[in-house]
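# Structural characterization, general
Chain residues, written in single-letter form:
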Amino acid sequence: MRKMQARTWRIVLAGLALFVIAPALLFAGSIQAEAAAPRGVQSVAPLNPCADCSKVGNFSISYNKTWKFVSKPLKLCAVFDAKGSISYTLWYVIAAHAYYYLWTNQTLKSPELTLTVERSSCSGSKTTTKVDIGQHWTGYSCSFNPSISVAYPWGVSISGWPSCGNRNQAEYSTGYGKGSVYHQYNSGSPSSFGNYDSRVATFNYPCYGVFASGIMWEGNTSDSYSAGNSSGAKSVCLSKR
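Attention in this report is confined to the structure presented alongside it. Quantities reported herein were computed from a predicted structural model and do not represent experimental measurements. (Residues numbered from 1 in each chain as written. Predicted model: local features only at pLDDT ≥ 70, side-chain atom pairs only at ≥ 80, totals over all residues. Heavy atoms only, no water.)

## Brief notes about the state of the cysteines
Under the criterion given, the structure shown has 3 disulfides. Covalent S-S linkage joins cysteine 142 and cysteine 164, the inter-sulfur distance amounting to 1.7 Å. Looking down the S-S bond of the cysteine 142 and cysteine 164 bridge, the torsion is -75°, so its handedness is left-handed. Taken as a pair, cysteine 142 in the loop between strand E4 (130-139) and strand E5 (148-149) and cysteine 164 in the loop between strand E6 (155-161) and strand E7 (165-176) lie far apart in primary sequence, 22 residues in all. Among the residues examined, cysteine 164 registers a relative accessible area of 22% and is labelled partly exposed. (Disulfide = S-S within 2.5 Å. Helix = DSSP H or I, 4+ residues; strand = E, 2+ residues; numbered from the N terminus. Buried < 20%, exposed > 50% of the residue type's maximum accessible area, 1.4 Å probe, protein only.)

## A look at the pairing of strand E11 (residues 207-218)
Counted residue by residue, E11 has 9 buried out of 12 residues, so it is predominantly covered. Direction of pairing for E4 relative to E11: antiparallel, over a ladder of 10 bridges. Following the sheet pairing, glycine 134 is matched in E11 by serine 213. In the sheet, E11 pairs with strand E13 (residues 234-237) via 4 bridges, with the strands oriented antiparallel. Bridging across to E13, tyrosine 208 finds its partner in valine 236. One ladder, built from 6 bridges, connects E11 with strand E12 (residues 221-226); its direction is antiparallel. By the bridge assignment for E12, methionine 216 is matched with aspartate 223. If you look at the hairpin formed by E11 and E12, you'll find 2 residues sitting between the two strands, and glycine 219 has a positive phi there, around 65°. (Pairing = 2+ DSSP bridges.)

## A word on unusual backbone geometry
Look at the link from tyrosine 152 to proline 153: it is a cis peptide, with omega at 10°. Positive phi is not limited to glycine here, since cysteine 122 has a value of about 60°. Here cysteine 122 shows up in the loop between strand E3 (98-119) and E4. Under the relative-accessibility criterion, cysteine 122 is labelled partly exposed at 22%.

## Overview of the packing of aromatic side chains
Each aromatic ring pair is described using two quantities: the centre-to-centre distance and the angle formed by the ring planes. Taken as a whole, this structure holds 15 aromatic pairs when the rule is applied. Here the aromatic rings of tryptophan 161 and phenylalanine 211 are separated by 5.0 Å at their centres, their planes lie at 55°, and the arrangement is tilted. Of the two residues, tryptophan 161 is situated in strand E6 and phenylalanine 211 in strand E11; the sequence distance between them amounts to 50 residues. Neither residue differs from the other here; tryptophan 161 and phenylalanine 211 are each classed as buried. Put simply, the rings of Tyr92, Tyr99, Tyr101, Trp103, Phe144, Phe193, Tyr196, Tyr205 and Tyr208 touch in pairs and so form one group of aromatic residues. (Phe/Tyr/Trp six-rings, centres within 6.5 Å; stacked < 30°, edge-to-face > 60°.)

## Quick look at the environment of threonine 128
By the element assignment, threonine 128 lies in the loop between E3 and E4. Measuring from C-alpha to C-alpha, the distance between threonine 128 and glutamate 118 comes to 9.6 Å, with 10 residues separating the pair along the chain. Among all residues touching threonine 128, those that are not within four sequence positions of it are Leu76, Val117, Gly177, Lys178, Gly179, Tyr182 and Trp217. Reaching out from threonine 128, the side chain makes a polar contact with the side chain of tyrosine 182 at a distance of 2.9 Å. (Contact = heavy atoms within 4.5 Å. Polar contact = N/O pair within 3.5 Å; in protein donor to acceptor, adjacent residues only side chain to side chain.)

## Some points on the pattern of salt bridges
Pairing between side chains of opposite charge can happen when the charged atoms of each approach one another. This model, assessed by the stated rule, comprises 1 salt bridge. Note that glutamate 218 is salt-bridged to lysine 126, the shortest N-O span being 3.7 Å. On the criterion of sequence distance, the pair formed by glutamate 218 in strand E11 and lysine 126 in the loop between E3 and E4 is long-range, its members being 92 residues apart. (Salt bridge = Lys/Arg side-chain N within 4 Å of Asp/Glu carboxyl O.)

## Some words on the nonpolar core
Formed by 40 residues in total, the largest nonpolar core has its most connected members in Trp67, Phe80, Ile86, Leu115, Trp137 and Met216. Of all the secondary-structure elements, those providing two or more residues to this core are strand E1 (53-71), strand E2 (76-95), E3, E4, E7 and E11. Element by element, the count of residues in this core is highest for E2, at 7 residues. When neighbours within four sequence positions are excluded, phenylalanine 80 is seen to be in contact with Lys65, Thr66, Trp67, Thr114, Leu115, Ile133, Ala212, Ser213, Gly214, Met216 and Tyr225. (Core = buried A, V, L, I, M, F, W, Y, C linked by side-chain atoms within 4.5 Å.)

## Quick notes on the side chain of serine 87
Relative to the helices and strands, serine 87 resides in strand E2. Dropping the residues within four chain positions of it, serine 87 is found in contact with Phe59, Ser60, Asn105, Gln106, Thr107 and Lys109.

## Comments concerning the pairing of strand E8 (residues 181-184)
Strand residues, when the strand is regular, have side chains that alternate between the two faces of the sheet. Burial along E8 is one-sided: Tyr182 and Gln184 are buried, while Val181 and His183, pointing the other way, are not. As defined by bridge partners, E3 adjoins E8 across 4 bridges and the pair is classed as antiparallel. Residue threonine 116 lies in a different strand from E8, and its bridge partner there is valine 181.

Here it is, written out as structure tokens:
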């Protein structure tokens, strides 16, 4: 009888020991695991736009486009000149047995627009009472509708584009008083376009379009011009360099 009681007490004590020691071992194990795990380590997003991208380089392309409009009512020739540059980063991508190019950081820098008012023969200066001039940007082809981001005072609107109907476009218009030469500088107001993937156009380059518009006054008489309705937009194409 006493032997059975002693055996029973040994079993109870062993159970109590296991109940006390097991949590301690688990706690020690958790401390060891926590000590082994690195602290303060965070994943840093890669600079590349994709895992399979290889940077070709940073580039910039300049443009200089001209339109002429002869107004019979005002007996003048309006010469519009748009110039500036588009900077971009070019990547080469090899993924899933395919290869293509990717243009990122496409930024329209210092897009300048100049209006020179001349006589109807397009020679010799002529003065107007006031003018409104504007420049308009979007994808050059009707099928290319890039995302557009603009800085104030530029705006994004839906309006007519040569042979394409209404489209989203970045535009900026300004008004001036009496004169013969007018300059619209945008050195502190860059605009940008979304990334372009050459796969969507069978390896074509991204081509953007710009056209000029204006209203000229002489006294109480005015005449308007929009390259979007006549000679059309001019293309500015990036390249693989």
